[in-house]
Amino acid sequence: MNIKRFHAPTSREALAKARMAFGDGTLILSNRPTANGVEVVATAEDTLSALDGGGSAGSSSNPPLLAPTPARSAPQRASQAATANTLGRNPVEEDTEQLAMSTLSFQDYVRERMLRRRHEALNGPAEPQTLSERSRDQEPERERMPAPAVVRHNPLRTIPMDIPPEPPRRRQEAASANLIQSNNQQSVMNELHAMKELIEDRFNTLAWLGQARQNPIQSNLMLKMIRAGYSPSLARAVLERMPEELSAAESVRWLMEVLERNLKTDLAEPPLYEQGGIFAMVGSTGVGKTTTTAKLAALCARIHGPGSVGLITLDTYRVGAHEQLRTYGRMLGIVAHLAHDRAALQDLLGLLSGKKMVLIDTTGVAPRDPRKRDMLDVLDLPHVNRLLVLNAGCHGDTLDDVLTAFKTEGSQQAILSKVDEAVKLGPAIDALIRHQMVLRGVTNGQRVPEDWERADAHKLISTSMRAPAKSAFDPKATDLNFFFSHSPDTMNERGLVDA
């Protein structure tokens, strides 16, 4: 056979070379990519007639090559096969005579011959078999295996050598069923555990309420704490540890001592303005950050002089914020600088590195404001301490939200502002105790710097426990069941209350 290989950078050029060599009757046998481009194996259709003439030499009764042969009986095919074996015919000639190949069957035959030669080169020579014998050998396998999907042949695509087996669908379905069953069992177990914990906690609460009703001192103290603004969870966590043999006066004294011990302050340390450092005032809008900054600057300037204080403001959002801090600085003899971004803040901190105390006033943002994250990222610099300014007159839920949003890792410091406007200090003190914040100071007015006080736990607890005027929001003794209808916080397990 006249079969040639053509190499070219692209398939189009290789086909053009093959057409120039064999003319319009070019037959493409295979195509595969190579390192330099594409390799195309082609031949001419005229080769078919020469092959047919060589396979039927000495016999003029065979039909033309491209014409289909009539059906032959099995004895005739067996006799012809025996004659071919006695004459020592080439297997190619025998297969050609049996198939009477057309153009499509010839392409399949050439590919099979090439695969057979490659298999013999890898595994050694084997006794050749005709196509009819191989088809007879494969008939039982075809009966056992399902028929594969028919794939249309593309002569410009390489021949796949290895066909991956079908995925084991039954195993995947069984594994998915087992996974779903295990997940359902796990969810049922979780629900049962949650139900068990709820029932146990409810029974414990009912038992504790019954015991509290039997102890009038404990019941009165619990009602007093809730009326003062303390949360039911903190009240129960403290009163559960109260000794039973105490009298009324001793119980009140014990309760005050426990609350004072759990409210962390800096009363045993030097004041904030004498200690010095870099402090940034953060918090919600309208809590008094700018006024608190001016008070600390005035106290530090009174002791160490105006040249020892540096003022920086990041508040470029509120109208007149820079002018307000600049006015305070002009009264104290201190220059107030404005920083628009993190780079400007770094430059100003380097410029004011020799100061005793550097105070940074920031923009007030709500706890759920998207700008809060950007503002906190600007303050994420070395040696910059954040002071969270809390409004003492806010509701306990609002203070919880603010503390959760602005808390950072490391030292948690806070300043309690507008104490003079708060009707009850219980919610603020309760939030500081539960979030383990260190109270660094208290502001109780607008005067600079007179309305600044050190954080005294004894004074704050005593003020919070004083009986305020009657309010419509105060619960009654019969309403205590509603306050303890849900499970308390995990303060007991974490050890947040030191009783």
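Structure: above.
Here the structure is a predicted model, which is why all the values come from computation and not from measurement. (Residues numbered from 1 in each chain as written. Predicted model: local features only at pLDDT ≥ 70, side-chain atom pairs only at ≥ 80, totals over all residues. Heavy atoms only, no water.)

(A) How the structure looks around the sheet that holds strand β1 (residues 3-8). With respect to topology, 3 strands assemble into an open sheet ordered β1-β3-β2, the strand pairing being antiparallel. Strands with a single pairing partner mark the edges of an open sheet, and in this sheet they are β1 and β2 (26-33). Within the sheet, the average angular offset between the axes of one strand and its neighbour, ignoring direction, is 25°. Direction of pairing for β2 relative to strand β3 (residues 38-44): antiparallel, over a ladder of 7 bridges. Following the sheet pairing, asparagine 31 is matched in β3 by valine 40. Against the sheet, helix α1 (residues 11-22) engages β1, β2 and β3, with an angle of about 145° to β1. (Pairing = 2+ DSSP bridges. Helix = DSSP H or I, 4+ residues; strand = E, 2+ residues; numbered from the N terminus. Axes fitted to C-alpha atoms, helices over the stretch in contact; angles between N-to-C directions. Contact = heavy atoms within 4.5 Å.)

(B) Representation of the environment of alanine 294 within the structure. Tracing the backbone through its elements, the reader meets alanine 294 in helix α12 (residues 289-304). Classification of alanine 294 as buried rests on a relative accessible area of 1%. In sequence terms alanine 294 and tyrosine 328 are 34 residues apart; their C-alpha atoms lie 6.3 Å from each other. Contacts of alanine 294, omitting those with residues within four sequence positions, involve Tyr328, Leu332 and Val448. (Buried < 20%, exposed > 50% of the residue type's maximum accessible area, 1.4 Å probe, protein only.)

(C) View of unusual backbone geometry. The peptide bond linking valine 448 to proline 449 adopts the cis configuration, its omega dihedral lying at -5°. Assignment of secondary structure puts proline 449 in the loop between β11 (438-443) and β12 (452-453). Although it is not a glycine, lysine 418 sits at a positive phi angle of roughly 55°. Here lysine 418 shows up in the loop between β10 (413-417) and α17 (426-434).

(D) A look at helix α15 (residues 371-378). Along α15, the positions that sit buried rather than exposed are Lys372, Met375 and Leu376. On an axial view of α15, the arc spanned by its buried residues comes to 95°, and they lie on one face. Where α15 is buried, its residues touch β5 (277-282), β9 (384-391) and α16 (396-406). (Arc of directions from axis to C-beta.)

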